[in-house]
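# Residue-level structure breakdown
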Amino acid sequence: MQRIKGFTTGSLPTFVDVGNNFASSAILEDNLIHQFGQVGKRVVFMGDDTWESLFPKKFYRSLPFPSFNVKDLHTVDNGILQHLYNTMVGDDWDVLVAHFLGVDHCGHRFGPDHPAMADKLTQMDGVIRSVIDRLQNDTLLVVMGDHGMTDTGDHGGESQKETDAAIFLYSPSPMFHGPPSQNEPDVVPQTDLVPTLALLLGVPIPYSNVGQVLLPLFPPHEQTEGAVGGLSQLEALWINTKQVNRFLETYSGMAKDIPPESLSRLKSEFALLSSEFLSAVREGRSPSPQLASSLQAYLTSVRDTCRATWARFNPLKMAAGLAILAFACLMCFILSELSLVLIRENGALLKTPVVVSLTVGVSVAAAQLLIRGYIEVMWCLAAAAFSSELLFLWRSRQLSTSTVSKNGTKAPKRVSWLTLRHLLVPSLLFPLLRCASLLSDSYVIAEGRVVTFLVLSLALCIPIHLNWDGLLLPPSHDPLKSAGLLPAPALSPSAVRKESGTLLACLGLLVGSLYLSLSFHGCREEQGSCQPSAFLSPLSRLQDNQLKNLHYVLAVISLGLWTYLLRCFLCHYGNLNSSGGTVFTARWILPLLSVCLGLHWAVSATPEDSFRNLAELIHLAQLALPRVAFCLLGLGLFLIWLDPLTVFVKTRTQASAKSLTLPTPRYRASIGISPQAELHHLIPQIYQRMRRSLDDGDLSGASEVDNRPAVEAYGLGTVYSAPLLLFSGLLGIGLLLLHPEGMALSFLLLLLETGALLHIHASSTTLSGLHGKYSGGFNVPWTPVVLWSLAATQFFHATGHLPTFPSIQWGAAFVGFPEGHTGTILPASLVTLNTFASHILFAVSCPLLLFWPLVCEVRGSRGRACGDDGEDAVMEMRLRENPQMFSSALLQLSTRYLLIHGAQVFASVCAAAILRRHLMVWKVFAPKLMFEASGFLVSSVFLLIGVTLVLRVDVAVGQWFKRLIPDVSR
């Protein structure tokens, strides 16, 4: 066998099991690099330093260069070129690996159509020409790529443009022996390159490879003198077949997962082939021409059998997982229906299932250890979850038959929460329709537009339903009521018209936001001629200066409007008058964060060839500005959590302060400081034991002229929503920092859409109250919750994301860290925050659905609908009248939101399970499941953060009242 030198340039494909920069560890499985060392070949490596961690101590000599900084186009390539040609002319190597990275990094940073890409490709062409000129006759040149590239310059997914990579082989000696046969595939699997290169370079084929040698690289007949590798096609096939059979025998003896009938058939085939080949060798005759075809058929059969075996599914585990998910969704529904009962029981319904789940899990683990000798953790967790769910369902069924009366005794009452009418809520038909559609790959591909249509359709149902019930317009004039024969309605026609107008205006704003958001969608490979939005490209990739300036101006305006609208809300409702941490964040940190973000965009868009004299300063700004923004963001969120109150207390006279010791003094939570705002927005403080006011004349120090109360509390009406809204807005700017600059306009549309949804919900609630059909309590109906969850999915697509791996915006990992990372947690966290930004914002701000009708009740006197005739609107202070109702409403809202997202995960699991043999399962359904599950986890975490922030504000409000009136206990 003639041994030749091998030279590889580019990147080895994945048959060497190359890891990625986020999680690189040594490869322990047999591979080509290991085999080169086993036979004493001197392997010299230069280029991407990832190889050092993948193949430690495997190289005769190595010249690694830092590779993690995706914005660095030249360090690795220039380092290779400094040593490449000198190494080639030497005689101290057998295999030379040169891994260039410039083209890969250029694609990530600028895309495939940027002039920088043309420069790097031209450079690589020159390198290949120079290498060919220096090749010796016994050297094989292999130029290959480890992946392809999408239209945006990225990779890592399953599209054809990413998985297809070119390979170029050249040797000064004759190498190819005729054209490929008709049976030769157009696309060569990467596994087929392993045995081919191994035999050409004179090393054993790696143990676990099931590839098939490429026959055109070997002579068709007996060994030919001077042929590369020195093997004929039949000899190469026989060596390949023996290696595959050895692996099959070893694997089948250990794994036991290959079907016995298939294993027996393959063994019989190999025995016949082996007998025929060895007989021909012993007798000194040429094997039959059909033997080569039989060997190829055997190799193909082994590969197909292994693929079918390794792609098997466990129906029992799948069914168990589906059952657990289904019961979990049912639990969320029951918790939402029995939230008030659960709060009154102080969580007793949950204590026993937790104890039982722990007991069952430990028991199953002990049984497995005794019977099998090992513990399968997944079955233990499944048994624990399933037992706790069943016990919870049984106990909730018993608990639902009774409620607590006002005096604390239990009164029997049938609550049939399992009846069909509870599940067939009209607004739930939309998420059910979406869940059913997840079984269609066409729907998943076009999900961005379909979810936009669902949001619009459900929003249009609100005014239609109100008009159907006669709530959208004032009632018609009735002469009997005018004559006094019938009681007059307790509502103002002008108030109804105002609320109806507000609802329709917000509906128009919602339609406009949804329509414009379609301009920010990305494209999947399956969508054919679809072109991704121009706003998805960073400013540094744009070549047209006018277009770049336009995008930057739109981004800065959008960022400024985001900040301005947040401050306008806080200023309008009097939440910027105090001196607490939240107000400091709104006054200073919020605008400073916006300025840092705008400057960061400007610096990032600066071309490298501009301002050469200021290159170091620009590099420092690219590093410092985003890090300063991260610090400001963390400081602002911490201050909001530490001091969430935005209430400013003003006492009129010192004498009036003595009146604070009275058990029921009167307070007013004013909206603004200006006299006009005080006249139009008089909000009495309604803390439960202070709600009933005394006459102002009875309070010492009160003014007899303006009849004002002794103490005025500004911003008390929005004490819960103000810090939550500021927290969400600040978090939104931080998430925008991780996106391309063009996404600022999309984030502004997100803010407008959420405002429109909140006002539509508040207006529909107010209209029901004005017509006397308000049912009381603080429960949030299903419709706004469904709209909120659908909007989260809709803006997942409107921020350029898709449930595919190529759509992941990996550049987020390098915001503020252009030189790369030393660990994996930080970059993975940044990419996660970027990918699920819409889920985060909608989850953390979900409690606003509870507060917004109370915030907007100053527009219409909903208090009169509740039987409080003559009282001023008290806004969010109404929540403190009944703490149990408040807690119940928060629990119900949270469980309903989680139920909708959990149902989407359940539907994705069903789709992947039912369609597991579908052609598109790994391209469409499996990635969709992974993104839905990840989005659910992220939504759950940030929903918990939002609810916890509300509870933190509630504790702070209670402490504020205790300090204000020490003698009144809560």
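In this report, the structure presented in the accompanying data block is examined. What you see is a predicted model, and the numbers here were worked out from it, not measured in a lab.

Before going further, it helps to examine the overall build of the chain. The helix and strand inventory of the chain stands at 34 helices and 11 strands. The burial tally for the chain puts 51% of its 970 residues in the buried class. Across the chain, the fraction of contacts at a sequence separation of at least 24, relative to all contacts at a separation of at least 6, is 77%. Here the chain displays about 43,800 Å² of accessible surface, and carbon together with sulfur accounts for 61% of that area.

Another aspect to go through is empty space enclosed by the protein. Scanning all chains against the criterion turns up three cavities of 30 Å³ or more. As a volume, the second largest cavity reaches approximately 70 Å³. For the second largest cavity, the full set of lining residues is Thr 793, Phe 796, Pro 803, Phe 836, His 839, Lys 928, Phe 931 and Glu 932. Elements that contribute at least two residues to the lining of the second largest cavity include exactly α28 (782–798) and α34 (921–964). The greatest single-element share of the lining of the second largest cavity, amounting to three residues, is contributed by α34. Counted by class, the lining of the second largest cavity contains four nonpolar, two polar and two charged residues.

So, about the environment of Ala 495. For Ala 495, the location among the structural elements is in helix α20 (residues 493–517). Ala 495 gets classed as buried once you look at its relative accessible area, which sits at 15%. A sequence separation of 272 residues divides Ala 495 from Leu 767, and the C-alpha atoms of the two residues are 8.8 Å apart.

The next point concerns the state of the cysteines. Note: disulfide means a covalent bond formed between the sulfur atoms of two cysteine side chains. Applying the stated criterion across every chain, the model contains one disulfide. Note on cysteine connectivity: Cys 523 is disulfide-linked to Cys 530, with sulfurs 1.9 Å apart. Taking the torsion about the S-S bond as the criterion, the Cys 523 to Cys 530 disulfide, at about -60°, is left-handed. Looking at Cys 523, the relative accessible area reads 22%, which means it is partly exposed.

On to the packing of helix α21 (residues 545–572) against helix α22 (residues 581–604). Their axes nearest at 10 Å, the elements α21 and α22 cross at an angle of 175°. When the axes of α21 and α22 are compared, the pair comes out roughly antiparallel. Where α21 abuts α22, its residues Tyr 552, Ala 555, Val 556, Leu 559, Thr 563, Leu 566, Arg 567 and Leu 570 lie against Ala 586, Arg 587, Leu 590, Pro 591, Ser 594, Leu 597, Gly 598, Trp 601 and Ala 602. Looking at side-chain class alone, the contact of α21 with α22 contains 12 nonpolar, three polar and two charged residues.

The tally for this structure, following the rule as stated, stands at 24 aromatic pairs. Ring plane angle 75° and centroid distance 5.2 Å describe the contact between Tyr 207 and Phe 247, whose orientation is recorded as edge-to-face. With a gap of 40 residues between them, Tyr 207 in the loop between α7 (190–200) and α8 (233–255) and Phe 247 in helix α8 connect regions that are remote in the sequence. One aromatic cluster is present, formed by Phe 45, Trp 51, Phe 55 and Phe 59 through successive ring pairs. In this structure, Arg 134 is placed above the aromatic ring of Tyr 85, and the distance from its NZ or CZ to the ring centre is 4.2 Å.

Before going further, it helps to spend a moment on unusual backbone geometry. Positive phi values are uncommon outside glycine, yet Lys 57 reaches one of about 60°. Within the secondary structure, Lys 57 is located in the loop between α2 (50–54) and β3 (61–65).

Most of strand β4 (residues 95–99) is tucked away, with five of its five residues classed as buried. In this sheet, β4 lies alongside strand β2 (residues 43–48) in parallel orientation, the contact comprising five bridges. The residue bridging Phe 45 from the neighbouring strand is Val 97, located in β4.

Another aspect to go through is the environment of Lys 41. Looking at the secondary structure, you find Lys 41 in the loop between α1 (32–38) and β2. Taking the C-alpha atoms as reference points, Lys 41 and Tyr 60, separated by 19 residues in sequence, lie 8.6 Å from one another.

In this section: the side chain of Thr 646. Structurally, Thr 646 can be placed in the loop between α23 (615–642) and β9 (648–651). A relative accessible area of 2% means that Thr 646 is categorised as buried. In this structure the side chain of Thr 646 is engaged in a polar contact, spanning 2.8 Å, whose partner is the side chain of Asn 575. Setting aside residues up to four positions removed in sequence, Thr 646 forms contacts with Gly 574, Asn 575, Ser 578, Thr 582, Val 583, Tyr 714, Gly 715 and Ala 722.

As a further point, take the nonpolar core. With 146 residues, the main nonpolar core has Val 719, Tyr 720, Leu 850 and Tyr 897 as its most contacted residues. With near-sequence residues (within four places) excluded, Leu 850 lies in contact with Phe 778, Val 780, Phe 886, Ala 889, Leu 890 and Leu 893.

This part covers the environment of Ala 280. Considering the arrangement of structural elements, one finds Ala 280 in helix α9 (residues 260–283). We classify Ala 280 as buried; its relative accessible area is 1%.

Time to look at a nonpolar patch on the surface. On the surface, a cluster of nonpolar side chains totalling about 510 Å² of accessible area is made up of Leu 369, Ile 375, Val 377, Met 378 and Leu 381. For the nonpolar patch, the element with the highest residue contribution is helix α14 (residues 377–399), accounting for three residues. Within the secondary structure, Ile 375 is located in the loop between α13 (348–371) and α14. Residue Ile 375 is classed as partly exposed on the basis of its relative accessible area, which comes to 43%.

Rules used in this analysis
- Residues numbered from 1 in each chain as written.
- Predicted model: local features only at pLDDT ≥ 70, side-chain atom pairs only at ≥ 80, totals over all residues.
- Heavy atoms only, no water.
- Helix = DSSP H or I, 4+ residues; strand = E, 2+ residues; numbered from the N terminus.
- Buried < 20%, exposed > 50% of the residue type's maximum accessible area, 1.4 Å probe, protein only.
- Contact = heavy atoms within 4.5 Å.
- Areas by Shrake-Rupley, 256 points an atom, 1.4 Å probe, with all protein chains shown as cover.
- 1 Å grid on protein atoms, 1.4 Å probe; cavity = no way out; pocket = protein on both sides within 12 Å on 5 of 7 lines; lining within 4 Å.
- Points joined across faces, edges and corners; volume = space filled by probe spheres on them.
- Nonpolar A, V, L, I, M, F, W, Y, C, P; charged D, E, K, R; others polar.
- Disulfide = S-S within 2.5 Å.
- Axes fitted to C-alpha atoms, helices over the stretch in contact; angles between N-to-C directions.
- Parallel < 35°, antiparallel > 145°, perpendicular 65-115°, else oblique.
- Phe/Tyr/Trp six-rings, centres within 6.5 Å; stacked < 30°, edge-to-face > 60°.
- Lys NZ or Arg CZ within 6 Å of the ring centre and 35° of its normal.
- Pairing = 2+ DSSP bridges.
- Polar contact = N/O pair within 3.5 Å; in protein donor to acceptor, adjacent residues only side chain to side chain.
- Core = buried A, V, L, I, M, F, W, Y, C linked by side-chain atoms within 4.5 Å.
- Patch = residues over 30% accessible without salt bridge, like charges linked within 9 Å, V, L, I, M, F, W, Y side chains within 5 Å.
- Salt bridge = Lys/Arg side-chain N within 4 Å of Asp/Glu carboxyl O.

Geometry only, nothing functional implied.
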